[in-house]
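Below are the chains, spelled out letter by letter.
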Amino acid sequence: MSATENFAVIIVGAGISGMYMLYRMRKLGLSVRVIEAGSGVGGTWYWNRYPGARCDTDTLEYSYSFDEDLQQEWEWPERYPTQPEILKYLNHVADRFDLRRDITFDTRVEAALYDEATSRWQIATDDGAELSAQFLVMATGSISAPNIPAIEGMNNFNGPVYHTARWPHEGVDFSGWRVGIVGTGSSAVQAIPVIAEQAAHLTVFQRAPQWSVPAHNRPSDPKMVAEIKADYAGFRARNRLQSGAQLSHIPANDFSATEISAEEQQHILEERWQLGGFPFFGAFNDITVNPESNKVTADFVRAKIHDIVKDPKVAEMLTPDYTIHCKRPVLDSGYFETYNRSNVLLVDINAAPIEEITPTGIRTDDADYDLDLIVLATGFDAMTGALLRIDIRGRHGRTLREEWAHGPVNYLGLQVSGFPNLFTITGPGSPSVLTNMMVAIEQHVEWVTDCIGFMVENDHASIEATEAAQEAWVAHVNEVADQTLWVSCQNWYQGHNIPGKPRVFMPLPGFPPYVEKCEEVVAKGYEGFVLS
Ligand code: NAP
């Protein structure tokens, strides 16, 4: 790459957002370059190769909708796609639309500086190259910057230490090994049953227990697939009308637990438990806002955990005491059952925290655990981490880190005041992680495409969110979030998992009103933005 390449648009990241953004920028006839740290496309699905990794959104929804032939032709073998299957699909998309020729792989963007004189971004990468572009689109992912906890002694361990989001491409054979896994979030809950089957012994270090429900994965049903594909566009359009942009085609019930008898509540919850996956959380229409409906649901799952796990003490350790659906819901395949195995030990590191990693294992406040291999399933610095790890400087050299020192602020989750021509795909302040990510990504990419198209057509040099619009937007996000139960526990939506991170609820609940607002802003001539 030459040191001074100029583009109309630079996109950071070649995951689901970056790939689609590239496709759309090309359609506008703009010169565009994608910079990707990995050696291939796929983003999340390129990096997260841990055992058991699969999506928990139904396949027919976790796929691009922008190309009718693509969505008609691709066959998904199962209800939930595995990581290799999704990566295969994304590689197919890259081939089908010849995307790779505009992607620079194995290159990380280190800095981006806005030049006020030219209204362009100057971008520096880790290979020493310098690029410039009028528009900079951050397609860096909401859950992509791994959280590697600062545990003392990490480098002294004699065996390998792997983070689930930086898994070795050649895979890991656990046979005969004593494995320790730290964390019990979505990644761990998927990995634990698989590792337990292979390893000689597995020790799970749990800080907070998880509310998890069975995924009930199964082969795709050809009849259902045919029905959906007969009107795929209609199916997608209906999904976009759902609050979470739908994660399963089974709609949520339209009543509260408080409107029916205790017997009916149990019947409905059991029915939904048998369906598995996200439909379980749609048993009632108010589980995320009404403590009563939430408690009924939580008590049901509590009883299930105690039914499944044979040792009552272990069952109790595995049973959360916080609001269900407050942390991001987890779906599993045999997670709680795994604790009935004789080679699995659960350790409560809330009661006795990890003190250090020693050469031979993990030492907690009250015991030493001998291990050959450690898995960190410790999650991500979500929503802001990937952006703040890049040195981004807007007007007057002000850094994004300074701007977001007390938590992320922006307008529509798309633009930060003081950072003209910079767009964040599924940024904080947008529905993003509270939705089917595919749908949220497509909506953002299409909005940004229309915006850039409008600017090019009208010869505008820059677009920037006003401070007033930003302030009002942040207040709106907080107001909406404060009405939900998502603020009632410790979760990564609020940055609780990262020491020192400002405690701000980052995503915006409610996809359809958000889309309406984005459309209204455009209809009013990009209200809240200054175009020059
Ligand atoms: P996560 O949900 O943040 O879970 C991280 C786990 O590590 C938690 O149990 C956390 O405990 C623990 N932890 C974090 N820091 C720790 C420390 N310093 N010491 C001890 N324990 C620590 O991360 P994740 O499982 O990778 O999932 C992140 C998100 O990615 C999910 O919520 C989901 O949105 C997405 N995801 C989706 C899928 C899927 O589609 N199936 C799969 C994987 C991930 P606390 O709970 O106490 O913080």
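Quick caveat: nothing in here was measured; it's all calculated off a predicted structure.

A.B. asks: Explain the packing of helix H1 (residues 16-27) against helix H14 (residues 437-457) here, please?
C.D. replies: In the contact formed by H1 and H14, the axes pass within 10 Å of each other and the chain directions differ by 30°. Read as a crossing pair, H1 and H14 show a hand that is right-handed. Between H1 and H14, the residues in contact are Ile 16, Ser 17, Tyr 20, Met 21, Arg 24 and Met 25 and Met 438, Ile 441, Glu 442, Val 445, Glu 446, Val 448, Thr 449 and Ile 452, respectively. Per-class residue counts for the contact of H1 with H14 are nine nonpolar, two polar and three charged.

A.B. asks: I tried to follow unusual backbone geometry on my own but got confused; where do I start?
C.D. replies: Excluding glycine, residues mostly have negative phi values, and the peptide bonds linking residues are mostly trans. The phi torsion at Asp 98 lies on the positive side, around 50°, for a residue other than glycine. With relative accessibility at 40%, the residue Asp 98 sits in the partly exposed group. Positive phi is not limited to glycine here, since Asp 459 has a value of about 60°.

A.B. asks: I would appreciate a short explanation of the pairing of strand S5 (residues 120-125) in the present structure.
C.D. replies: What you see with S5 is a clean split: Trp 121, Ile 123 and Thr 125 sit on the buried side and Arg 120, Gln 122 and Ala 124 on the side with no burial. For strand S4 (residues 109-115) and S5, the ladder comprises six bridges, and the chain directions are antiparallel. In the strand pairing of S5, Leu 113 is matched with Gln 122. Connecting the antiparallel pair S4 and S5 is a turn made up of four residues, with Ser 119 showing a positive phi of about 55°. Bridge count between S5 and strand S6 (residues 130-138): four bridges; the pairing is antiparallel. Each bridged residue has a counterpart across the sheet, and for Trp 121 the counterpart in S6 is Ala 133.

A.B. asks: Whenever I open this one, the site of the ligand confuses me. Can you help?
C.D. replies: Every one of the 24 residues lining the ligand counts as a neighbour, but Arg 54, Thr 184, Ser 186, Ser 187 and Lys 327 are closest to it. Between Arg 207 and the ligand, the recorded distance is 2.9 Å, taken from a side-chain N or O atom to an oxygen atom. Protein burial of the ligand: of its 900 Å² of free accessible surface, 87% is covered by the chains. Residue contributions to the shell around the ligand peak at three residues, all from helix H5 (residues 186-198).

A.B. asks: What should I look at first to understand the state of the cysteines in this one?
C.D. replies: Disulfide: a covalent bond formed between the sulfur atoms of two cysteine residues. Under the counting rule described, the total for this entry stands at one disulfide. A disulfide bridge connects Cys 326 with Cys 489, and the sulfur atoms are separated by 2.2 Å. On the sign convention where negative is left-handed, the bridge of Cys 326 and Cys 489, at about -105° about the S-S bond, is left-handed. With a gap of 163 residues between them, Cys 326 in the loop between helix H10 (312-317) and strand S11 (330-332) and Cys 489 in the loop between helix H15 (467-482) and helix H16 (511-523) connect regions that are remote in the sequence. Of the two residues, Cys 326 and Cys 489, neither departs from the other in class, the shared state being buried.

A.B. asks: Would you mind showing me how to read the nonpolar core here?
C.D. replies: For soluble globular proteins, nonpolar side chains are generally found buried alongside one another. With 71 residues, the main nonpolar core has Ile 11, Tyr 64 and Trp 447 as its most contacted residues. Looking at this core, the element that brings in the most residues is H14, giving nine residues. Look past the residues within four positions of Trp 447 in its chain and what remains in contact with it is Leu 412, Leu 414, Phe 423, Cys 518, Val 521, Val 522, Tyr 526 and Phe 529. Counting 55 residues, the second-largest nonpolar core is a separate cluster that includes Val 204, Trp 273, Tyr 322 and Tyr 335.

A.B. asks: Can you walk me through the packing of aromatic side chains in this structure?
C.D. replies: Inspection of the entire model under this criterion finds 38 aromatic pairs. Between Tyr 20 and Phe 66, the aromatic rings sit 4.5 Å apart at their centres with planes inclined by 15°, giving stacked as the arrangement. Here Tyr 20, found in helix H1, pairs with Phe 66, found in the loop between helix H2 (44-47) and helix H3 (68-73); they are 46 residues apart in sequence, far enough to count as distant. A relative accessible area of 1% means that Tyr 20 is categorised as buried. On the basis of relative accessibility, which here comes to 18%, the residue Phe 66 falls in the buried class. By the ring-pair criterion, three or more aromatic residues cluster together here, those being Tyr 20, Tyr 23, Tyr 64, Phe 66, Trp 74, Trp 76, Tyr 89 and Phe 97. Between the NZ or CZ atom of Arg 166 and the centre of the ring of Trp 47, over which it lies, the distance is 4.1 Å. In this arrangement the basic side chain of Lys 327 is found over the ring face of Tyr 322, its NZ or CZ atom lying 5.5 Å from the centre.

A.B. asks: Looking at this structure, I do not really get the pattern of salt bridges. What am I missing?
C.D. replies: Any two side chains of opposite charge can pair, given that their charged atoms come close. Enumeration over the complete set of coordinates arrives at 23 salt bridges. Between Arg 26 and Asp 102 there is a salt bridge, with its nearest N and O atoms 2.7 Å apart. Here the residue Arg 26 occupies a position in helix H1, and Asp 102 occupies one in the loop between helix H4 (83-96) and strand S3 (103-104), the gap between them amounting to 76 residues. Across the pair Arg 302 and Asp 299 runs a salt bridge, and its minimum N-O distance is 2.5 Å. Placement of both Arg 302 and Asp 299 in helix H9 (residues 291-308) is noted, with a separation of three residues, approximately one turn of the helix. By relative accessible area, which is 26% here, Arg 302 ends up partly exposed.

Rules and cut-offs
Residues numbered from 1 in each chain as written. Predicted model: local features only at pLDDT ≥ 70, side-chain atom pairs only at ≥ 80, totals over all residues. Heavy atoms only, no water. Axes fitted to C-alpha atoms, helices over the stretch in contact; angles between N-to-C directions. Helix = DSSP H or I, 4+ residues; strand = E, 2+ residues; numbered from the N terminus. Left-handed = near helix turned anticlockwise from the far one by under 90°. Contact = heavy atoms within 4.5 Å. Nonpolar A, V, L, I, M, F, W, Y, C, P; charged D, E, K, R; others polar. Buried < 20%, exposed > 50% of the residue type's maximum accessible area, 1.4 Å probe, protein only. Pairing = 2+ DSSP bridges. Near = heavy atom within 4 Å. Polar contact = N/O pair within 3.5 Å; in protein donor to acceptor, adjacent residues only side chain to side chain. Areas by Shrake-Rupley, 256 points an atom, 1.4 Å probe, with all protein chains shown as cover. Disulfide = S-S within 2.5 Å. Core = buried A, V, L, I, M, F, W, Y, C linked by side-chain atoms within 4.5 Å. Phe/Tyr/Trp six-rings, centres within 6.5 Å; stacked < 30°, edge-to-face > 60°. Lys NZ or Arg CZ within 6 Å of the ring centre and 35° of its normal. Salt bridge = Lys/Arg side-chain N within 4 Å of Asp/Glu carboxyl O.

These figures capture arrangement, not role.
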